Amino acid sequence: VLVRVDPFDPEPAAIAAAAELLRGGGLVAFPTETVYGLGANALDEAAVRRIFAAKGRPAYNPLIAHLPDAAAARALVADWPEAAARLAAAFWPGPLTLVLRKTTAVPALLTAGLDTVAVRVPAHPVARALLRAAAVPVAAPSANPFTRLSPTTAAHVAAGLGDRVDMILDGGATPLGIESTVVALTGDGPRLLRPGALGAAEVEAVLGRPLAGAGPAAAAAEARPAPGMLDRHYAPRAELRLFGDSPRTPAPDAATPRLDRAGAVALLRAAAAAGRATGALLRTPLDAPVHHPIPLPDEPAGYGRLLYAALHSLDDAGCDLVLVELPPPDPAWSAVRDRLARAAHPASGG
Ligand code: AMP
Ligand code: MG
């Protein structure tokens, strides 16, 4: 069932019905400020198992627990270091996920057997109202089939998961459009596990020290300490190829090939000649035949907000091949470049 709610001030009856479903072990998709989440009671093993089943997500891929406030997050973790307190005060509610040592109350299924748990306090008014009403931690990965594009609208959720979810709260398009930044506070120093909607530089400014795993050197080394940081992910149905003008826009990683501009034009001409439907995500004009060109803002926040919706629309238009103009390797673009690299990664059983 799809239930429309006011994104700024959701109707209490709809929130109460969704919260009741969550407490009863059901699945509720809801908007967060990043993307739509597929929610279930994080402390109910059977409910969490339904998330993995609905998404086709492998059990080695841990989920993020969503909480109404930092106090509720603290109840799930064994220790709450000074760095966690500072980051929570600065960025919660918001698009930052913290990985901390878990308590025994947290089911192993949620954390893929790890002794750590990922926690986040989202900022979206619908998510906040739902979490308060449910009064249980809510596991909520993105509400899409495993490895597919993340949903930024309720229509994306309905198209991807359909009746595998008990209720979809439709609060319109999600404002940030790209997943949360994941920071681990479990080892010697803070580590960036996934670039996301919150810039690494902002996190570093609050911590007063650099994040391990951040920066171009680490990105090039392709360290993937988090289970679930799969190479191919966030992928459209169409074949997706990246292009850019070297050396300003190197490939995001060694495994993902990148064309130069002339190569992109040649590929598009050949595809059009072969009768393939083509699309492109562009920051600058491209002199080539493209059936569905989509201009995107040449600025990371605006680009991130529109990226998944643009890729969904190219899939819906039946594109066989999509060319994407890579943004520069500037830290401000790192979340977008990460998602593009995963979307374009050659399928390899991942
Ligand atoms: P998703 O819910 O699909 O947005 O993905 C959750 C992200 O959080 C993945 O990148 C996971 O690898 C990461 N994550 C969740 N729990 C943990 C954990 N305990 N340790 C490290 N990474 C985690
Ligand atoms: Mg996801």
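Shown above is the structure to which this text applies.
Okay, so let's go over this structure. (Residues numbered from 1 in each chain as written. Chains lettered and ligands numbered in written order. Predicted model: local features only at pLDDT ≥ 70, side-chain atom pairs only at ≥ 80, totals over all residues. Heavy atoms only, no water.)

## Overview of the environment of Pro-81
This is how it is decided: Secondary structure is summarised from DSSP: a helix means a run of H or I of at least four residues, a strand means a run of E of at least two, and numbering begins at the N terminus for each. Under the scheme applied here, a residue whose accessible area is under 20% of the maximum for its type counts as buried, over 50% as exposed, and between as partly exposed, the area being computed with a 1.4 Å probe on protein chains only. Note on definitions: a residue-residue contact is assigned when non-hydrogen atoms from the two residues lie within 4.5 Å.
Within the secondary structure layout, Pro-81 lies in the loop between α3 (70–74) and α4 (82–91). Looking at Pro-81, the relative accessible area reads 28%, which means it is partly exposed. C-alpha separation for the pair Pro-81 and Gly-56, spaced 25 residues apart in sequence, amounts to 34 Å. Contact partners of Pro-81, with chain neighbours within four places excluded, come to Leu-100 and Leu-185.

## A look at the pairing of strand β11 (residues 239–243)
Quick note on the threshold: In short, DSSP must find at least two bridges between two strands for them to pair.
Direction of pairing for β11 relative to strand β15 (residues 321–325): parallel, over a ladder of five bridges. Bridging from a neighbouring strand, Leu-240 pairs with Val-322 of β15. Across two bridges, β11 lies against strand β12 (residues 258–259) in parallel orientation. Across the sheet, residue Leu-242 finds its bridge partner in β12, namely Arg-258.

## Some points on the pattern of salt bridges
A pair can form between side chains of opposite charge whenever their charged atoms are brought close. Rule in force here: Should a side-chain nitrogen of Lys or Arg be within 4 Å of a carboxyl oxygen of Asp or Glu, the pair is scored as a salt bridge.
All told, the structure shown has 14 salt bridges when counted by the stated rule. Asp-170 is the partner of Arg-4 in a salt bridge, and the nearest nitrogen-oxygen pair spans 3.9 Å. Taken together, the positions of Arg-4 in strand β1 (residues 2–4) and Asp-170 in strand β8 (residues 167–170) put the pair 166 residues apart, joining distant regions of the chain. Relative accessible area serves as the criterion here: at 13%, Asp-170 is assigned to the buried category. Between Arg-49 and Glu-45 there is a salt bridge, with its nearest N and O atoms 3.6 Å apart. In this pair, Arg-49 and Glu-45 both sit in helix α2 (residues 45–55), four residues apart, roughly one turn of the helix. Judged by its relative accessible area of 35%, Glu-45 is partly exposed. Sharing partners across several salt bridges, the network here consists of Glu-179, Asp-338, Arg-339 and Arg-342.

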